[in-house]
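# Examination of the molecular architecture
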Amino acid sequence: MRLRVILLVVATSSLVLVSFLVPLALVLRSFAANQAVSKATTQAQQLTPLVATLPTSTLTLTVDQLNAGNGGSPITVFLPDGQKIGQPARETATVERAETGQSFTTAGPAGAEVLAAVGGLRDGPAVIRIFVPNAVLRQGVARAWLLLVGLGLGLLAVSVVVADQLARSLVRPIAALAQASDLLATGDLTARATVAGPPEVRRAGSGLNRLAARIGDLLAHERETVADLSHRLRTPLTALRIDAESLRDIDEMTQVTADVDAVERTVNEIIRAARRPSGGGVGALCDASMVINERAAFWRPLAEDQERPMMVEVAAGPVLVNVSSEDLAACTDVLLENVFSHTAEGAAFTVRLSRRAGGGAWLVIADDGPGFPDADPTERGRSSGGSTGLGLDIARRIAEASGGSLMIGRSTSGGGAVTVGLGPPPRPPDGRRHRRARPRPQGGGLGEPADDGTPWSLLGSSRANR
């Protein structure tokens, strides 16, 4: 913007200077020519009475003296008897015209001629011819033009300096405003714009600061509301724990108590996450292979109870991703819960975790169910299966927060397939990227990963919310 303002001022100043200096230069040239012609005319008028009264020898001496100090404008006197005094010159048509008694000035390609007829002589009129060459007509014009050019360049330089200062006064507050906007866009709600500059920019800065403060207040209120609602779950959880501990069967009591503990840990994590400042989850790191193996082991008993063939493929070794273990576990549970809730008992499903070529991991959960209808299943609150419609939206948010994405499609068997891309950690502990692991061969026909680290082929775009 600063450069554009300067260029605008330079263009405007150039137009003004050209429109002013060019006519002035032409006027100076005309003025110089008129001055030279006027000087020659005055000399011719002064010489006229001398031609009529002085003898030829004296007149010759006078004309020679005038030519010596005339500055390049030769004087020639044509006498009636054909004799020429002064600078030699041929008798042209203009001279013959002046011999008729006319005095005039004429301009030619080489310069101007001042012709004065002198009457009162015995043999007829004489003619005084003063030739003013172009060099004399334009004497001093080049210097005047150089002065005008220097003046124009000086004025143009001054306009550039003034435009630069003006542009700085405009650009600096706007740049500060843009920087504050960028910081707010990255999640830094403490960023504030400097209120400076023109009134319009100051209004924009004040408005942005008020908006940032309002967003911070709304987010704080939302976090506190979520924390309060989650805290209210402690009472029914306590009652549930009491009921679980009153069970007579030790195995059932142990299992139900463990489930209550898991729910209570989840509630505590929700409260901590709700009261965590914005951006507090940035830099989270976990081993995706360990988390996926744990969640698969958790869901396997239910799969065996429903006689569902469950295939698990997890890349060997640590698979580091930019997401916390709690969030990855919640994402996996959401996707597996969808499989159990929206496919018939006995429908097979596959859980696969592989490394991405650029770091991070691909998590694909595919099933042999009916697949997804046409509605967008990732739209928050939309559900065609009687659920809350938040599951896939939660998974999508976790994937995007890690620097990845979530894709919905079909498995090779025609069922549903959800591919979650998990972003790599900002700085791997060993400073190197992990080698990509090729997926192990797997039967069942639920899709194979590509060798280049891309997710499984997702055929079609059938979608539904689960």
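Quick summary incoming for the structure in this document.

So, about the overall build of the protein chain. When helices and strands are tallied, the protein chain shows 11 helices and 12 strands. Taken across its 466 residues, the protein chain has 36% of its residues classed as buried. A fraction of 67% describes how many contacts in the protein chain between residues 6 or more apart in sequence connect residues 24 or more apart.

Let's shift gears to the packing of helix H1 (residues 2–53) against helix H5 (residues 141–185). Interhelical geometry of H1 versus H5 gives an angle of 160 degrees and a closest axis separation of 9 Å. In terms of axis orientation, H1 runs roughly antiparallel to H5. Two packed elements cross with a definite hand, and for H1 against H5 that hand is right-handed. Tallied by class, the residues present in the contact of H1 with H5 amount to 20 nonpolar, 4 polar and 4 charged.

So, about the nonpolar core. If you look at the biggest cluster of nonpolar residues, it comprises 36 residues, and the most contacted ones within it are Val321, Leu328, Leu335, Phe349 and Val420. Listed by contribution, the elements that provide at least two residues to this core are helix H9 (288–305), strand S7 (310–314), helix H10 (325–342), strand S9 (349–355), strand S10 (361–367), helix H11 (391–401), strand S11 (405–410) and strand S12 (416–422). Considering every element that reaches this core, the biggest residue donor is H10, with 7 residues. Excluding its chain neighbours within four sequence positions, the residues that come into contact with Leu328 are Cys286, Ala288, Val291, Ile292, Val321, Val323 and Leu422.

What follows concerns the pattern of salt bridges. Enumeration over the complete set of coordinates arrives at 7 salt bridges. A salt bridge links Glu400 to Arg396; its shortest N-O distance comes to 3.1 Å. Here the residue Glu400 and the residue Arg396 both occupy positions in helix H11, the gap between them amounting to 4 residues, near one helical turn. Arg396 sits in the partly exposed class, given a relative accessible area of 22%.

Attention now goes to the environment of Ser289. Along the polypeptide, Ser289 turns up in helix H9. Of the residues examined, Ser289 reaches a relative accessible area of 6% and is grouped as buried. What Ser289 contacts, discounting residues up to four positions off in sequence, is Val314, Ala315, Gly317, Pro318, Val319 and Leu353. Within the structure, the side chain of Ser289 is placed 3.1 Å from the backbone oxygen of Gly317, a separation counted as a polar contact.

Here we come to the environment of Pro80. Here Pro80 shows up in the loop between strand S1 (75–78) and strand S2 (84–86). With 42 residues separating them in the primary sequence, Pro80 and Arg122 have C-alpha atoms 8.4 Å apart. With residues near it in sequence (within four places) discarded, Pro80 still touches Leu121, Asp123, Gly124, Pro125 and Ala126.

Judged by pairing direction, the sheet is antiparallel, and its 5 strands sit side by side in the order S2-S1-S5-S4-S3 without closing on themselves. Two strands lie at the open edges of the sheet, namely S2 and strand S3 (104–107), each paired on one side alone. Strand-to-strand twist of the sheet, defined as the mean angle between neighbouring strand axes without regard to direction, takes the value 20 degrees. Relative to strand S5 (residues 126–133), strand S4 (residues 111–118) runs antiparallel, the two sharing 8 bridges.

The next thing to look at is the side chain of Arg352. Relative to the helices and strands, Arg352 is located in strand S9. Accessibility expressed as a relative area gives 3% for Arg352, which makes it buried.

Burial runs high along S9: 7 of the 7 residues are buried. On S9, burial covers both faces: Phe349, Val351, Leu353 and Arg355 on one face and Thr350, Arg352 and Ser354 on the other are all buried. Sheet topology note: the S7/S9 ladder contains 5 bridges and is parallel. By the bridge assignment, Val312 is partnered in S9 with Val351. With 7 bridges joining them, S9 and S10 adopt antiparallel strand pairing. Along S10, the bridge assignment pairs Leu353 with Leu363. Connecting the antiparallel pair S9 and S10 is a turn made up of 5 residues, with Gly359 showing a positive phi of about 100 degrees.

So, how was this worked out
Residue indices begin from 1 for each chain and proceed along its sequence in written order. Per-residue local features of the predicted model are confined to residues with pLDDT of at least 70, and side-chain atom pairs are confined, for both listing and counting, to 80 or more; whole-chain, interface and lining totals are unaffected and use all residues. To obtain the side-chain values, all non-hydrogen atoms of the structure were used and water was disregarded. For helices the rule is a DSSP run of H or I covering at least 4 residues; for strands it is a run of E covering at least 2, with both sets numbered from the N terminus onward. Partly exposed describes any residue whose relative accessible area lies between the buried limit of under 20% and the exposed limit of over 50%, with all areas from a 1.4 Å probe on protein chains only and scaled to the type maximum. We call two residues in contact whenever any of their non-hydrogen atoms come within 4.5 Å of each other. Fitted lines through C-alpha atoms give the axes, limited to the stretch in contact for helices. The angle between two N-to-C directions lies from 0 to 180 degrees. Any angle from 65 to 115 degrees is called roughly perpendicular, while one under 35 is roughly parallel, one over 145 is roughly antiparallel, and all others are oblique. What makes a crossing left-handed is the near helix being turned counterclockwise from the far one by less than a right angle; a clockwise turn instead makes it right-handed. Nonpolar residues are Ala, Val, Leu, Ile, Met, Phe, Trp, Tyr, Cys and Pro. Charged residues are Asp, Glu, Lys and Arg, and all others, Gly as well, are polar. Buried Ala, Val, Leu, Ile, Met, Phe, Trp, Tyr and Cys residues form a nonpolar core when they are joined through side-chain atoms within 4.5 Å. The term salt bridge refers to a side-chain nitrogen of Lys or Arg lying within 4 Å of a carboxyl oxygen of Asp or Glu. For this analysis, a polar contact is any N or O atom pair within 3.5 Å, provided that within protein one partner can donate a hydrogen and the other can accept it, and provided that sequence-adjacent residues contribute only side-chain to side-chain pairs. Pairs of strands are assigned from DSSP output, requiring at least two bridges between the strands.

Coordinates in, geometry out; function isn't part of it.
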